[in-house]
Amino acid sequence: MTFNTIVIVGMSWGDEGKGKFCDYLAQEADIVCRFNGGANAGHTIVSEGQKFKFKLIPSGAVMEKEIIIGNGCVIDPEILIEEIDTLEKLGKSVNLKISSTAHVVFPFHKTVDGLEETYKERYKAGTTKRGIGPTYSDKASRYGIRIYDLLNSERFKQKLRNLFELKKKIVKLYGGVWDFEFDKIYKQYVEYGKKLKKYVIDTAYYLNKQIDIGKKVIFEGAQGALLDIDHGMYPFGTSSNADALGVCAGTGVPPKKISKIVGIIKAYTSRVGDGPLPTELTNKIGEQIREQGHEFGTVTGRPRRVGWLDLFNLKYSLMINGVDYLIISLLDALEDINPLYICTHYEFNGNSLESWPIQSEIIEQCKPIYIKMDGWGKRSRKEWADIARIGYDALPENMKKYIRTIEDILNHRISIISIGPERTETIQLEKIFS
Ligand code: GDP
Ligand code: IMO
Ligand code: MG
């Protein structure tokens, strides 16, 4: 039996353009399904000049595809309902299904998130403060409240009481202020449950059935592989499996039903939050890239840290994700910078390392080694759009060299080239869905 499913994941620290490419590839798909993370994600889609920013809603919503939020996600119902309302006001039909076993984020999770960050001092990750870590912690320690709990008011009351009292103690232990009222949260979340009830199903069963009858499914990653809880830069990452490995646990779809893995790399590096970033540029060039790439966090508005492309960590990311197809985004954002540098590997204590060291304590002592590349000149937005329309041959010659160098070093071809935020500013060299 053959299946037609693809996974789209960020290969680095998030914000590689997952929203853009889930929307782009959704043109050919039936279903788009999120499998990890929560409202810490910020996925941007630009379609005919209109900009959409989603935190929880899968990016297939713009194309009005069937969208699913899998069990691996943590759901802040207030944000989800807001996003559904916004789409409906725009006249979009929202064909949504939510896993009954996804976990629920409460306001006190956000308070604990902030307090934990302060307590951790130099080991804080610079979280989005959306309560993601504390909600996944409750899931792992089996205190968690799942979406289906909201639909049974008596059971929900019991579970919430337990969690509420525990969190009150924790907040006070951290020296924080507890200003939550049980009844208020309880009533509010019962209301959320009523609003969301019509979307809630057993998504594992549903997805498997759809895949078995040949539906084309995109699994949309949130964050990026280097933020993954197991394989990323711990503790400077997120609390879920943010790479292709997360799909099966986060949806109930078994590995043998995953056809292809699509990894997205940015033409340079960006990171929002804390932790070592060996190729970071804290100078004027960094500022120029940040401006040209509009590198400001989609969720928090924080300026993103930027740096030269790091092929050493991408080799690692390629390995753990088992990537079949590569997409490169934001090449246009490197315009008017000459020369450009690409990191090929790191040195540690004067020796070249064979593989990316996963321990942050080693990474912060590593020296990135670069090759120098010629840049390409500035183009107007209209020129980039025209280039995308013509295709690969119209790309600046030095950009082609930059792409070929990446392909050679990674020993992996690039299948899609992106030179602008619009859906149309995309050059697809290879078919991804069969
Ligand atoms: P995601 O979290 O991976 O979905 O990425 P974000 O949406 O947070 O950040 C990527 C940003 O880059 C968004 O503002 C996109 O609209 C934009 N973008 C995506 N691809 C390109 C590209 O090729 N060129 C430019 N200039 N912007 C892009
Ligand atoms: P998308 O899906 C970039 C980062 C935070 C912080 C760490 C932990 O848009 O790529 P968390 O709130 O998850 O506990 O924060 O992870 N982070 C992201 N960085 N893009 C994201 O999502 C991110 N989601 C979380 O900045 O360093
Ligand atoms: Mg983002």
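Refer to the preceding data block for the structure.
The following refers to the structure shown. (Residues numbered from 1 in each chain as written. Chains lettered and ligands numbered in written order. Predicted model: local features only at pLDDT ≥ 70, side-chain atom pairs only at ≥ 80, totals over all residues. Heavy atoms only, no water.)

**Overview of the site of ligand 2**
Now for step 1: Near ligand 2, the surroundings consist of 20 residues, among which Lys18, Ala125, Thr128, Thr238 and Val272 are the closest.
Now for step 2: Between ligand 2 and the protein, one listed contact pairs an oxygen atom with a backbone N or O atom of glycine 126 at 3.3 Å.
Now for step 3: In the model, an oxygen atom of ligand 2 is placed 2.7 Å from a nitrogen or oxygen of the valine 272 main chain.
Now for step 4: The protein chains hide 98% of the 550 Å² of surface that ligand 2 would expose on its own.
Now for step 5: Formed jointly, the shell around ligand 2 draws a minimum of three residues from each of two domains, domain 1 (5-88 + 203-428) and domain 2 (103-199). (Near = heavy atom within 4 Å. Polar contact = N/O pair within 3.5 Å; in protein donor to acceptor, adjacent residues only side chain to side chain. Areas by Shrake-Rupley, 256 points an atom, 1.4 Å probe, with all protein chains shown as cover. Domains from an automatic or database assignment.)

**Considerations on the coordination of the magnesium ion (ligand 3)**
Now for step 1: Coordination of the magnesium ion (ligand 3) by the protein is provided by Asp15 (OD) and Gly42 (O), with metal-donor distances spanning 2.0 to 2.2 Å. With aspartate 15 in the loop between β1 (5-10) and α1 (18-26) and glycine 42 in the loop between β2 (31-34) and β3 (43-47), this residue pair connects regions lying 27 residues apart in the sequence. (Donors = N, O, S within 2.8 Å, 3.2 Å for Na, K, Ca; no water. Helix = DSSP H or I, 4+ residues; strand = E, 2+ residues; numbered from the N terminus.)

**Here we look at the pairing of strand β4 (residues 50-54)**
Now for step 1: Relative to β4, β3 is paired through five bridges, and the arrangement is antiparallel. Bridged to serine 47 within β4 is glutamine 50.
Now for step 2: A loop of two residues connects β3 with β4, the two strands running antiparallel in sequence, and glutamate 48 in this loop sits at a positive phi of about 50°. (Pairing = 2+ DSSP bridges.)

**Section: the packing of aromatic side chains**
Now for step 1: Under the criterion given, the structure shown has 21 aromatic pairs.
Now for step 2: Here the aromatic rings of phenylalanine 156 and tyrosine 186 are separated by 5.5 Å at their centres, their planes lie at 25°, and the arrangement is stacked. Of this pair, phenylalanine 156 sits in helix α5 (residues 153-173) while tyrosine 186 sits in helix α6 (residues 182-196), placing them 30 residues apart in sequence.
Now for step 3: On the basis of relative accessible area, phenylalanine 156 is assigned to the buried category, the value being 0%.
Now for step 4: Tyrosine 186 gets classed as buried once you look at its relative accessible area, which sits at 11%.
Now for step 5: Both rings, one in phenylalanine 164 and one in phenylalanine 182, keep their centres 5.4 Å apart while their planes meet at 90°; by these two values the pair is edge-to-face. In this pair, phenylalanine 164 is assigned in helix α5 and phenylalanine 182 in helix α6, connecting sequence segments 18 residues apart. Like phenylalanine 164, the residue phenylalanine 182 is buried in the burial classification.
Now for step 6: By the ring-pair criterion, three or more aromatic residues cluster together here, those being Phe106, Phe108, Phe156, Phe164, Trp178, Phe180, Phe182, Tyr186, Tyr189 and Tyr192.
Now for step 7: A cation sits over an aromatic face here: arginine 271 above tryptophan 13, 3.9 Å from the ring centre.
Now for step 8: Above the plane of the ring of tryptophan 384 lies arginine 379, whose end atom (NZ or CZ) is 5.8 Å from the centre. (Phe/Tyr/Trp six-rings, centres within 6.5 Å; stacked < 30°, edge-to-face > 60°. Buried < 20%, exposed > 50% of the residue type's maximum accessible area, 1.4 Å probe, protein only. Lys NZ or Arg CZ within 6 Å of the ring centre and 35° of its normal.)

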